[in-house]
Structures are given as structure tokens and as C-alpha cells.
Amino acid sequence: MEIKLKHFRAIRWFHWINFPLLALMIWSGLMIYWAYPVYGIGPIRFFPDWFYSALHLDQRLADGMALHFVLMWLFVLNGIAYVAYTFLSGEWRFLVPRTAKTFRDAWHVFLHDLRIKKELPPQGKYNAAQQVAYSAIILMGVGSVITGFAIYKPAQLTWLAALCGGYTMARLLHFLLTIGYVLFFVIHVVQVTLAGWNNFRAMVSGYEVVNRRD
Amino acid sequence: MTDEEIRRELRRKTRRSFLTGGVAAAAGWAGYRWLTSARSDNALPWPQRRVLDFNGKLSHSYLSDSGLMPTYSASEVGYLKPNGAIGLDDSDEWSLHVAPGDGIPGIELTLADVQALPRVEMITRFCCIEGWSVVAHWTGARFSDFTRKYLPPNAAVPPYVYMATPEEDYYVGLDRKSALHPQTLLAYEQNGRPLTAEHGAPLRLVIPVKYGIKSIKKIGVIRYTAQKPGDYWAEEGYDWFAGL
């Protein structure tokens, strides 16, 4: 066996800094959303009253707005730093899907993970599903920042609000993207758990064990 | 290296990384505690207040008279919920007290004085800080026209404007640029009819470049001032600038 550097130090920092930042953006976002909680699917309301009261998210619009508009800077800066680093280091080559085949392979990985298919397509550092997911989450981040600023400054950034389909639509998209993060988080944690310690350790220490083929 | 040496090396690296991570997490937690429990400045921990004021300054520098809120057609007008009633007393006697600057004697105006200014109709989105918004139809005088008329000629407009209900129960602070924005109206009609009491009769502010909390109802006092004025909701922990 040997140990190999898998994740650069900078990538690990960006990843672990993003985690609490995004969590706090969602947390403060819920305090804001509480003041006008209009979304739902049929009889399912986002969210029932007990949800806010259990988490002490009710009656805290001012707190939520302040925290949201303070931490947004750190969230944006960390995101920009991550994207810039990924490009400068060349790491993007492992992450960004570049052919239609990646999306087909991602579908196969998806079927494999659901135990519908046995074989996995050949993969590099990240499998095709990871490439799609990790690239999508960055685009979602960009989407959250764009829709966020469209809600935040619809008068001064009229064009941005228009780009998002208007003020009301921007708020809905901003909300949906947040739901997307939560779903991503759940799947991500399940996958990391299934992948095991060697994989998780690599995101903390940077190193993974690979079995040398002698 | 033998496998055992490799394992030991990896354990050492892992231990070090978890230690670093632990220290970073503790530092992050301490930073968050500081951010959320530092000494309060108008109902907000001061570091957060600083950032909000910075955000306000940044948006203020970006704000221009040409940046207009979109306008709508009459068919898109919706129902405007009369949200706040602070300072809306029943008194029928009303006049508008205007102080043109710090230490300059004020003048009393009537509604007719405001209505004598160029009449402007405007259909814009009214955005509540709670998150809802509705298209509303207003008629009134531009605050910039009002300012030009009632400030001494050639006098520079002070950097801030303070407006309050007659007994100053509700009050807002405005930056000059937002106050003089072409869509900022002293409105006396809504949907073509005189304002109702719950919407701030006889005269209210409509400032679409700010959240609705700044569109003060039943204005009794207008003061131009060099000092950043107090603001009802800013003192409750909201952003003072509250711009859109």
C-alpha cells in the first residue's frame, strides 16, 4: 500500500468553510422565510408552525436578515476562491463534465447506486455522477447569489431581477435552490458514509491509501 | 517503507489534520459567538450593525436616479395590506411641519400646498420587508419637487431627511439620494382616491427604492438634517438603509 495526496489543502479548507457558512445561510434564511412562508405543494406547507418554533426560528426576521447579509460576503468570497483555485490548479479537469458521455455515465452510476445496474463505468478521480453533482452544486451556488442579489436589490439591480423572471420569481428560485442544497447534503452524507473512512479521511487530511499493484 | 510505517505516517497526518480542524472549528465557533453576542447597537450585535451599515453605504453609492423600479399597468394592481398602524391617531386636524435644516425655523403646510406641486401618478411594486410584495397605484408629488419648492433657494439639501407621524410615534430616516429619487412621492391618493386612514391619510410617503417600512404613513413632520436620523425599525434591529 501507499499513501497518495487526493485533495489539496486549499480545496479542503474551502469545503469545510463552506459547510458551516451554507448551514448558517440556510438557518438565517429560514428566519427570513418565516415572515412570509408561502410555498407548498398541495396540502404540504413549507413549513409547518412547529418546525419554526422547535428550532426557534420564529419572530426573528431582523436577526435573520442581519445574519444573512453579513455572512453572504463570506459565502460569496469562499465560493469565488474555490472556483478560482479549481481553475488555477487544474483540478477542474477532474470535476467539470466535458462530454455528453459524462452525463450518460452519471446516469449509469445512479442506476448502479440504486442497485439496478451491476457494472460501473470506468472513472477517474471522481465518477461521472460526482462530476455532475459537484459541478451542479457550484452552479446552484452561483444561482443562489444571483437570485439572492435580485431579491436584495431589485431597484438598483433591476436587470438582475428581470433576468430571474422578476422579484417574486427570484424569491421562489432562491428558495428552491436552498431545498436543492438540503437534498444534496442528505445524498452527499449517505454516499460519503457508504464510501467509507479512507474516502472521508482524504477530505480531512488530504491523503488516501491506495493499494500498489506490484 | 513497510505497510506498518505507512500506516503510522498516515495516522500522524490524520491526527494532525483533525487537530487543525478542531482548532479551526473552535475558532469558527468563537467567531460566531462574538458575531452574535457582541455589545448591542440598536438591537443588533455591533459587528453585524457595522456590516449592515457598510452594505447600506455600498448600495447607496450604487443608487442613482436612473435606476428605476419597474412600473406596471393598472390591471396589475393588487390588494395592499395595511400593515402598520403606529402613530395613526384619529385626529382630523392635520398640518405638515417642515424644518428645512438644523436650526432653521420650520414652516406649516397644508395638503393643498403639496397638491399644488406637479401631480405624478405611479404604479410600482410595494415590497414589504416581510417578503411579500404587491403592485400599488399612487398619486402624489415628487419629494424632489417638494424639496426644491420648500427648501430655501440655493441652499444645499442636507444629507438626511427625517419624517415622522404627527406625534412622532413612528419615524423614518432617509438618505438624501433615496429621498430625492424620482420615484419617491408624497402620496395623497391611492387607486385614484384620497388615502384611507389605514393607508396614512392625508399624506404618506411612497419610496419604492426602499422596503415598505420606510414608506411612512400620515406624515406630520419633515426635517432636513445633517445628522443621521433615528429610524423606528432600525432601532428594533433592522437595517437603517433598508434599500432595494
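Residues numbered from 1 in each chain as written. Chains lettered and ligands numbered in written order. Predicted model: local features only at pLDDT ≥ 70, side-chain atom pairs only at ≥ 80, totals over all residues. Heavy atoms only, no water.

Looking only at helices and strands, chain B has five helices and 10 strands in total. Radius of gyration (C-alpha) of chain B: 25 Å, far over the 18 Å computed for a compact globule of 244 residues. If one aligns the C-alpha atoms of chain B with their principal axes, the spans along those axes are about 95 × 45 × 35 Å. Expressed as a percentage of the 244 residues in chain B, the buried residues total 48%. (Helix = DSSP H or I, 4+ residues; strand = E, 2+ residues; numbered from the N terminus. Rg over C-alpha atoms; globule rule 2.2 N^0.38 Å. Buried < 20%, exposed > 50% of the residue type's maximum accessible area, 1.4 Å probe, protein only.)

Moving on, we come to the side chain of K210 of chain B. Residue and element names in this part refer to chain B. Inspection of the secondary structure assignment puts K210 in the loop between strand 9 (204-206) and strand 10 (221-225). At a separation of 3.3 Å, a polar atom in the side chain of K210 contacts the side chain of S178. Apart from the residues lying within four places of it in its own chain, the contact partners of K210 are C127, L174, D175, S178, F241, A242, G243 and L244. (Polar contact = N/O pair within 3.5 Å; in protein donor to acceptor, adjacent residues only side chain to side chain. Contact = heavy atoms within 4.5 Å.)

With 40 residues of chain A in contact, the opposing surface of chain B contributes 43 residues. Summed over both partners, the interface of chain A with chain B comes to about 3400 Å²; 69% of that surface belongs to carbon and sulfur atoms. When residues of chain A are sorted by the area they lose upon contact with chain B, M1, Q156 and Y167 of chain A head the list and together hold 20% of the total. On inspection of chain A and its partner chain B, the count reaches zero salt bridges. Scanning the region where chain A abuts chain B turns up nine residue pairs in polar contact (both at pLDDT 80 or more). Listing elements by their share of the side of chain A that touches chain B, those giving two or more residues are strand 1 (2-5), helix 1 (9-34), helix 3 (61-89), helix 6 (128-152), helix 7 (158-163), helix 8 (167-195), helix 9 (197-205) and strand 4 (207-210) of chain A. For the side of chain A that touches chain B, the residue count by class is 29 nonpolar, four polar and seven charged. (Buried area = accessible area lost by both parts, 1.4 Å probe. Salt bridge = Lys/Arg side-chain N within 4 Å of Asp/Glu carboxyl O. Nonpolar A, V, L, I, M, F, W, Y, C, P; charged D, E, K, R; others polar.)

Residue and element names in this part refer to chain A. Residues W16, F19, V182, F185, V186, I187, V189, V190 and L194 make up a contiguous nonpolar surface patch of roughly 810 Å² in combined accessible area. Elements represented by at least two residues in the nonpolar patch include exactly helix 1 and helix 8. Per element, the largest residue contribution to the nonpolar patch is seven residues, and it comes from helix 8. In this structure, L194 sits in helix 8. Given a relative accessible area of 61%, L194 falls into the exposed group. (Patch = residues over 30% accessible without salt bridge, like charges linked within 9 Å, V, L, I, M, F, W, Y side chains within 5 Å. Areas by Shrake-Rupley, 256 points an atom, 1.4 Å probe, with all protein chains shown as cover.)

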